[in-house]
Amino acid sequence: MLIKIIIALLLLFILVNLFRAGLAMLRQQDSTVPMSHFLGKRVLYSAIALALILVAIAAGLITPNPRPY
């Protein structure tokens, strides 16, 4: 159950960084933090979430649907 909470929090951080990047894009050009900073964090969190899901499936902590259709 803890692994699912961690994955949900990572997905929440991904969405937060997506919206922060959108706000940085709409701001003026003289902002202190560029949009690529937030997009880079978003990619990092996505890679961590994907790796965590794959490790959890391999360890048997998460069981995927046997037939999703």
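This is a predicted model, so every value here is computed, not measured. (Residues numbered from 1 in each chain as written. Predicted model: local features only at pLDDT ≥ 70, side-chain atom pairs only at ≥ 80, totals over all residues. Heavy atoms only, no water.)

When helices and strands are tallied, the chain shows two helices and zero strands. Rg of the C-alpha trace for the chain: 16 Å, well past the compact-globule value of 11 Å for 69 residues, more than 25% over. Along the longest, intermediate and shortest principal axes, the C-alpha atoms of the chain span 50 × 25 × 15 Å. Taken across its 69 residues, the chain has 16% of its residues classed as buried. Total accessible area computed for the chain in this model is approximately 5600 Å², and 71% of it derives from carbon and sulfur atoms. (Helix = DSSP H or I, 4+ residues; strand = E, 2+ residues; numbered from the N terminus. Rg over C-alpha atoms; globule rule 2.2 N^0.38 Å. Buried < 20%, exposed > 50% of the residue type's maximum accessible area, 1.4 Å probe, protein only. Areas by Shrake-Rupley, 256 points an atom, 1.4 Å probe, with all protein chains shown as cover.)

Okay, a nonpolar patch on the surface next. Among the surface-exposed residues, Met 1, Leu 2, Ile 5, Ile 6, Leu 9, Leu 12, Phe 13 and Val 16 lie close enough to one another that they form a single nonpolar patch of about 790 Å² accessible area. As for its placement among the helices and strands, Ile 6 is situated in helix H1 (residues 2-26). (Patch = residues over 30% accessible without salt bridge, like charges linked within 9 Å, V, L, I, M, F, W, Y side chains within 5 Å. Salt bridge = Lys/Arg side-chain N within 4 Å of Asp/Glu carboxyl O.)

Turning next to the packing of H1 against helix H2 (residues 35-59). Packing of H1 against H2 leaves a shortest axis separation of 8 Å and a crossing angle of 165 degrees. Comparing the axis directions of H1 and H2 gives the class roughly antiparallel. Where H1 crosses over H2, the two elements pack in a sense that is left-handed. Across the interface between the two elements, Ile 3, Ile 6, Ile 7, Leu 10, Phe 13, Ile 14, Asn 17, Leu 18, Arg 20, Ala 21, Ala 24 and Met 25 from H1 touch Met 35, Phe 38, Leu 39, Lys 41, Arg 42, Tyr 45, Ser 46, Ile 48, Ala 49, Leu 52, Ile 53 and Ala 56 from H2. Among the residues making up the contact of H1 with H2, the classes are represented as 19 nonpolar, two polar and three charged. (Axes fitted to C-alpha atoms, helices over the stretch in contact; angles between N-to-C directions. Parallel < 35°, antiparallel > 145°, perpendicular 65-115°, else oblique. Left-handed = near helix turned anticlockwise from the far one by under 90°. Contact = heavy atoms within 4.5 Å. Nonpolar A, V, L, I, M, F, W, Y, C, P; charged D, E, K, R; others polar.)

What follows is about the environment of Leu 12. When you line up the elements, Leu 12 lands in helix H1. Residues Leu 12 and Val 43 lie 31 residues apart in sequence; the distance between their C-alpha atoms is 13 Å.

Attention shifts here to H2. The terminal C-alpha atoms of H2 lie 36 Å apart, and with 25 residues this matches the ideal 36 Å at 1.5 Å per residue to within 8%. Turning to H2, its buried residues are Phe 38, Ala 49 and Ala 56. For H2, the secondary structure elements touched by its buried residues are H1. Phi for Gly 60, located one or two positions after H2, is positive at around 85 degrees. (Expected span 1.5 Å × (residues − 1).)

Turning our eyes to something else, we now look at the environment of Arg 20. Here Arg 20 lies in helix H1. Spatially, the C-alpha atoms of Arg 20 and Phe 38 are 6.6 Å apart, while their sequence positions differ by 18 residues.

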